[in-house]
Each structure stands twice: as C-alpha cells, then as structure tokens.
Amino acid sequence: MMNRYERFLKTKLFTDRVGPIYGTEDFGIYLYSVIKMMRPKNILELGTGLGTTMLWAAQAILENNEGIIHTFDDGSEWNHLKNARDQMCEYFREDYLFYIENLIDSFEIRKAVEFHPVRIEEIESETPIDILFSDFAHGPSDVLQLLAEFLPQMNSYSKIYIDSASTHYGSYHTLEKVIDMMNQNTIPRSISERAKNDTIHDIVNQSRFQLDHIVENKDRAQNSTTCITIQPYDVFPYPRVNVRY
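Residues numbered from 1 in each chain as written. Predicted model: local features only at pLDDT ≥ 70, side-chain atom pairs only at ≥ 80, totals over all residues. Heavy atoms only, no water.

### Some points on the overall build of the protein chain
- If you tally the helices and strands in the protein chain, you get 10 helices and 7 strands.
- In terms of overall dimensions, the protein chain is globule-like: its C-alpha atoms have a radius of gyration of 18 Å, near the 18 Å expected for 245 residues.
- Taken along its principal axes, the extent of the C-alpha atoms in the protein chain is 50 × 45 × 35 Å.
- Counting across all 245 residues of the protein chain, residues that qualify as buried make up 49%.
- Put simply, of all contacts in the protein chain between residues at least 6 apart along the chain, 75% involve residues at least 24 apart. (Helix = DSSP H or I, 4+ residues; strand = E, 2+ residues; numbered from the N terminus. Rg over C-alpha atoms; globule rule 2.2 N^0.38 Å. Buried < 20%, exposed > 50% of the residue type's maximum accessible area, 1.4 Å probe, protein only. Contact = heavy atoms within 4.5 Å.)

Laid out in structure tokens, this is it:
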C-alpha cells in the first residue's frame, strides 16, 4: 500500500505526461490545494477525460480523510484519445472503462472516487455539491445550461469551475454579465427558462457570487478555468471557521 508521499509523486509523474493533452497538468495541483484547504464533502467532475484532475482530487480527499469525488464520462472521446497511448504508458487500456478503473486501482484511490461511465445529462446529486468541475463544454449556451442545472444543487458555500470558459470570448462576456445580474438578485431569463424548478431563486436571493478568471500564461488553446465562488450574504467570511472577534 502506498503512503501519501508515494502517491503524490506517482500522480505528479503521470499527470506531467498526460496532463498537457487537455491542459490540466497544473490545474490538477491547484485543485488539490483548494480541496486540502476547503475540505469539501462532495465533489462532482463532469468529464473525467484522462483522469488527471480525478487523481489530484482523490489525493487531497485521502489526505483530508473525508469527502468523495463523483466523476462522469461516457468515454465518447476515447477513440481520439487512444492516439496518446504512449503518454499513458503502462496505464493504457483498450477500453475506456478499464482504463479509468485501472487508474483507480493503480493509484489506490477507490475509497475517494466514484466513477460513473454515463452521459453527462440530467445529473442530480443526492447531497449538496461543494465543488463542481465542468470539463466537457464551455460555449455560452453550455455555461447557461450548466448554471441553470447545477446552481440549485450547490452548497451555500461552494465553488464552480468551468474549464476553458475564460478564454472563450463569448463565454467570458456571458459570465461577466450573468454574475453581475445575479449579484443584483436578478436571474437572466436564458437561465430561468432552462431551470427545472424555482429553487434557483432561493440560492440567487440568498447568495453573492464572485467570478475569477484563472488564466495560465501559456500560448495554447486550453489555458484557462473560470471559478465562481458562491457564499451566503453575511457580514462574516466563509467558511465560518475560527473567526476572531
């Protein structure tokens, strides 16, 4: 059985090889740090891909000794990704399901991961989501659909990450406008029309939203992640842990 330091090094070596394919080799470490500090109970990843963020999230979860990441991917891009089998080295498997399951076993992270080989459609979490990472679509319409579907499922203090949206010109401006409107307790019609029920009004009315564009100084197509932090309207910072008076 690996200890945390052996797994950390093994994860770093693997993600340095395969991470550049989707541009997640550095974001995975960033997310690892966020999870270590935030100690989330429930993480959702939409788009497992090659498993880099899954591995870093699981590493942090195991070090925290609490939480789980639910990661969703139907493997529809696997035939294309097979071209990178040399980077995957001994972890490559002909079938996508076996590839991910082999990663989970090889890195000994099954306690921290639930892999769902299904299409990313109408996913509903049984418990509030603390961190949502969307890594499968980032156009303006995709952003609106994501917020309509998942805002009602987010915890009162939580984070939404959208891969590549900050350097997609249309999505960048859509997000700027949407967050500005929601901080004025206004839900854009293009979101309310997509929402399944009225509970989205509760989270917008009771929360404030902070938008951060995390852009890497790298000249490549996938070089950014949007972060939306959701927290209650209050006079205290969140999470409220050891606030000094």
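After that view, the rundown keeps rolling.
### Some remarks on the sheet that holds strand β3 (residues 113-116)
- Spatially, the 7 strands line up as an open sheet ordered β3-β2-β1-β4-β5-β7-β6, and their pairing is mixed. Lying at the two open borders of the sheet, with one neighbouring strand each, are β3 and β6 (207-215). Neighbour to neighbour, the strand axes of the sheet diverge by 15° on average, direction disregarded.
- Sitting on the sheet, helix α10 (residues 199-206) is in contact with β5 (154-163), β6 and β7 (224-232), with an inclination near 80° to β6. (Pairing = 2+ DSSP bridges. Axes fitted to C-alpha atoms, helices over the stretch in contact; angles between N-to-C directions.)

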